There are 2 protein chains.
Amino acid sequence: MGGSENGATDNQNKPTETSLSPDSIINLDQGDPTLFEPYWKKMGDKCTLVIGGCDLMSYFSDSSNICWFLQPQLGDAIKGLHRVVGNAVTDGRHIVVGTGSTQLLMAALYALSSPSASHPVSLVAAAPYYSGYKDQAEFLRSGLYKWEGDAHTFDKDGPYIEVVTSPNNPDGTIREAVVNLGEGKLVYDLAYYWPQYTPITHPLDHDIMLFTFSKCTGHAGSRIGWALVKDKEVARKMTEYMQISSIGVSKESQLRAAKILGVLSEGCQHFRTADSENFFEYSHRIMRERRESLQNVVKNSKIFSLPKFPQDYCNFTGKYTDSNPAFAWLHSKEGIDWESLLREHKIIGRSGERFGADPKYVRISMFSPPEAFNLFLERLSAIIDNTNGNVVGGEESSIIK
Amino acid sequence: MGGSENGATDNQNKPTETSLSPDSIINLDQGDPTLFEPYWKKMGDKCTLVIGGCDLMSYFSDSSNICWFLQPQLGDAIKGLHRVVGNAVTDGRHIVVGTGSTQLLMAALYALSSPSASHPVSLVAAAPYYSGYKDQAEFLRSGLYKWEGDAHTFDKDGPYIEVVTSPNNPDGTIREAVVNLGEGKLVYDLAYYWPQYTPITHPLDHDIMLFTFSKCTGHAGSRIGWALVKDKEVARKMTEYMQISSIGVSKESQLRAAKILGVLSEGCQHFRTADSENFFEYSHRIMRERRESLQNVVKNSKIFSLPKFPQDYCNFTGKYTDSNPAFAWLHSKEGIDWESLLREHKIIGRSGERFGADPKYVRISMFSPPEAFNLFLERLSAIIDNTNGNVVGGEESSIIK
């Protein structure tokens, strides 16, 4: 969620090959966060999970909990991590676990809509918005909710749901709700509100907040997300969605997430004294290095640019830090056909149009394996040299159309 | 699926307590197959799964496969098991993995419906049908498909989808499609087509066949199901459903299922020579013992009865075997109020009405822990003694209303 999606076409589903040649296609369409693997490798047996053949057989985890399929260890680990990081209030909140935060957004739409309403509830998000929301809202042609696109231009009367993605996918901005009308309900997609991506300025305290293991630690394959939910009835209906659509969430993944989040929290509590980096220091460094490398390449361009973010004080690190978005939101002067330009150089990005924005934007994943990222920088340098050469006294060549 | 569901109300979500007293409520509403745990415990380390902290981080499992999030080991284990058991043709089939077969039914509805159609496709199943199908078809008020109830009475023109559950949940019967009109598409829910529940008479060879790890081995908590799909485009659309609704399926659960199904297959290949039981021999024995105990109790009743199934030749065991349904489908003479009768004796079953059938039927799970099952038999004996006493010369007391 908020960027954990994959492309919908066959071609975009192919990740970058593992051994690269100058002819290789580099897929930067998806946000597959495998770049954090080396950290977890270094942790050795600390994060190893052992599951016996007779473990975890029941549908139930804790029948006293509204979310009866939530493993208590995972609930504890989630609360512990938020406490250590300081990014969200968990006291008195219900935790609903999902098959990724993707399933939880579907659950939130179900929980916040009304089967007895005469019209579907409107769903909006401020453009540029995560491309997956539209797909999720529309693919089953539900009569409960209806995608209405950009929140900036939404002016219908009646109930609506606004998804607030902060930091935003695709552009990394910190966001608040924009519609602010009486009958609105808000879902905060906080997939990237972790210290490696953005300064943690305060613990957020909204009615429904979605997080995902994928973007917190990089464990996308586990498909674990969680919602912190203030209202009991909303938590109950979200749980009901999970029950009807998949009867709960993998217990193996839940146990593994509990273990890894626990190790992560513990590492963070000692980070000011220990010699070794904790996970967020490590991942922040990796993301910062990538952002700086990309900025160094793009600054040479006469027509391309990246968003700029002010430094802010991060309560978690106790320092002023930069934002290191998970995606680069590349802007070009009018007239660049990003799609064909990138394809010509065997790079797959995602056009701004998919995000309800202008095609002069393209989203590039910053999560690719190191070799792919370096090859991308090389190719982008070549593109920039080429386009700079073509921009002569305001005249632009055929590549710019 | 086909019975892997849980009740929708809070009360029905509470499983039977682990330590039982005469006052304990026995929940036989759900089909939580924990009764097979002792077998897997006995297998010791053979089925133990060890996952390192840096394993399985990517969204992708095999980008060359239509179902790009299917772990190849699981695909191989599924094919191997069907080969050994002989219950389904896998050659040339696409495998789509799901978060339980529940999610796969949702995926099949999406794949078999048409977003460009002017009307939703009708969904039917022959009564008594699994109560979850209606919930799944209706809860999002999709414009793609519409629940039309009992297939026996369906006579609309146009496209339809019939779910064929065989052996059937709730009543254990072997089934074929009943509508048989031109524009029909069939989804076979084969959750219980395994040797412990029914004789395996031949390998089934239908367009879409759904299976679930939950009911095959008892590992319900893993939430793993699979579809064997003939048509490439249907497999692609089912995969798309998974992508949009949850971006794939837990890799930890997939690896564990691969391991356990592999051990199961291997055990079966040696079962005629080894001293120890293979899993299907074990689980068949447990289910048979339960069926026989229940039959022994019910045969004393003047008003209750159970369905009868003929023996059939099971290709897997090489013997004529009985059916041992996962649920008892208890029938009573007219006028019994099952709900209040069972509640009075602190037993939770599921009324026939939920299955599109008469309230003179009730479904009772045969999967409960041994103590709960024995206590159920005791209480049922008491009910039978009581109701027998009340049936005097055709007169029936107030309990029979």
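See above for the structure.
Below: a short report on this structure. The model shown is predicted, which means the values in this text are computed figures rather than measured ones.

Looking now at the overall build of chain A. Regarding its fold elements, chain A presents 10 helices and 16 strands. Expected size for 401 residues packed as a compact globule is a radius of gyration near 21 Å; at 21 Å, chain A falls within 12% of this value. The buried share of chain A, reckoned over its 401 residues, is 61%. Approximately 14800 Å² of chain A is accessible, and the part contributed by carbon and sulfur atoms is 49%. For chain A, the centre of its 40 positive side-chain charges and the centre of its 48 negative side-chain charges are spaced 2 Å apart.

With that settled, the discussion passes to empty space enclosed by the protein. Residue and element names in this part refer to chain A. According to the stated counting rule, one finds 4 cavities of 30 Å³ or more in the structure shown. For the lining of the second largest cavity, the residue count by class is 7 nonpolar, 5 polar and 1 charged. Mapped onto the domain boundaries, the lining of the second largest cavity takes at least three residues apiece from domain 1 (11-39 + 278-390) and domain 2 (57-269).

This part is about the sheet that holds strand E3 (residues 94-99) of chain A. Residue and element names in this part refer to chain A. As summarised here, the arrangement of the 7 strands in space is E3-E9-E8-E7-E6-E4-E5, forming an open sheet in which the pairing is mixed. On the outer flanks of this sheet lie E3 and strand E5 (145-150), each paired with one strand and no other. The sheet shows a mean angle of 25° between the axes of neighbouring strands, taken without regard to direction. Its contacts with the sheet put helix H2 (residues 72-85) on E3, strand E8 (208-212) and strand E9 (224-229), and the angle it makes with E9 is roughly 70°.

This next bit is on the relation of the copies chain B and chain A. For the pair chain B and chain A, the relating rotation is 180°, the translation along its axis is 0.0 Å, and the fit reaches an RMSD of 0.0 Å. Given the turn and translation reported, the copies of this chain are related as if by a two-fold rotation axis.

Below, the discussion takes up the pairing of strand E9 (residues 224-229) of chain B. Residues and elements named next belong to chain B. Extensive coverage of E9 is indicated by the burial of 6 of its 6 residues. Two strands pair when backbone bridges link them, and strand E3 (residues 94-99) and E9 are joined in this way by 6 bridges, in the antiparallel orientation. Its bridge partner being in E9, Ile95 is matched across the sheet by Leu228. Inspection of the sheet shows strand E8 (residues 208-212) paired to E9 by 5 bridges, in the antiparallel sense.

Right, let's get into unusual backbone geometry. Residue and element names in this part refer to chain A. Ala127 connects to Pro128 through a cis peptide bond whose omega is -5°. Looking at the secondary structure, you find Pro128 in the loop between strand E4 (121-125) and helix H4 (131-138). Here the amide bond leading from Asn169 into Pro170 is cis, since omega sits at 25°, within 30 degrees of zero. Considering the arrangement of structural elements, one finds Pro170 in the loop between strand E6 (160-165) and strand E7 (184-189). Even without a glycine there, the phi angle at Arg223 is positive, about 55°. Of note, Arg223 is situated in the loop between helix H5 (213-217) and E9. For Arg223, a relative accessible area of 2% translates into the label buried.

Rules used in this analysis
Residues numbered from 1 in each chain as written. Chains lettered and ligands numbered in written order. Predicted model: local features only at pLDDT ≥ 70, side-chain atom pairs only at ≥ 80, totals over all residues. Heavy atoms only, no water. Helix = DSSP H or I, 4+ residues; strand = E, 2+ residues; numbered from the N terminus. Rg over C-alpha atoms; globule rule 2.2 N^0.38 Å. Buried < 20%, exposed > 50% of the residue type's maximum accessible area, 1.4 Å probe, protein only. Areas by Shrake-Rupley, 256 points an atom, 1.4 Å probe, with all protein chains shown as cover. Lys, Arg positive; Asp, Glu negative; His and termini not counted. Charge placed at Lys NZ, Arg CZ, Asp CG, Glu CD. 1 Å grid on protein atoms, 1.4 Å probe; cavity = no way out; pocket = protein on both sides within 12 Å on 5 of 7 lines; lining within 4 Å. Points joined across faces, edges and corners; volume = space filled by probe spheres on them. Nonpolar A, V, L, I, M, F, W, Y, C, P; charged D, E, K, R; others polar. Domains from an automatic or database assignment. Pairing = 2+ DSSP bridges. Axes fitted to C-alpha atoms, helices over the stretch in contact; angles between N-to-C directions. Contact = heavy atoms within 4.5 Å. Least-squares fit on C-alpha atoms with pLDDT ≥ 70 in both.

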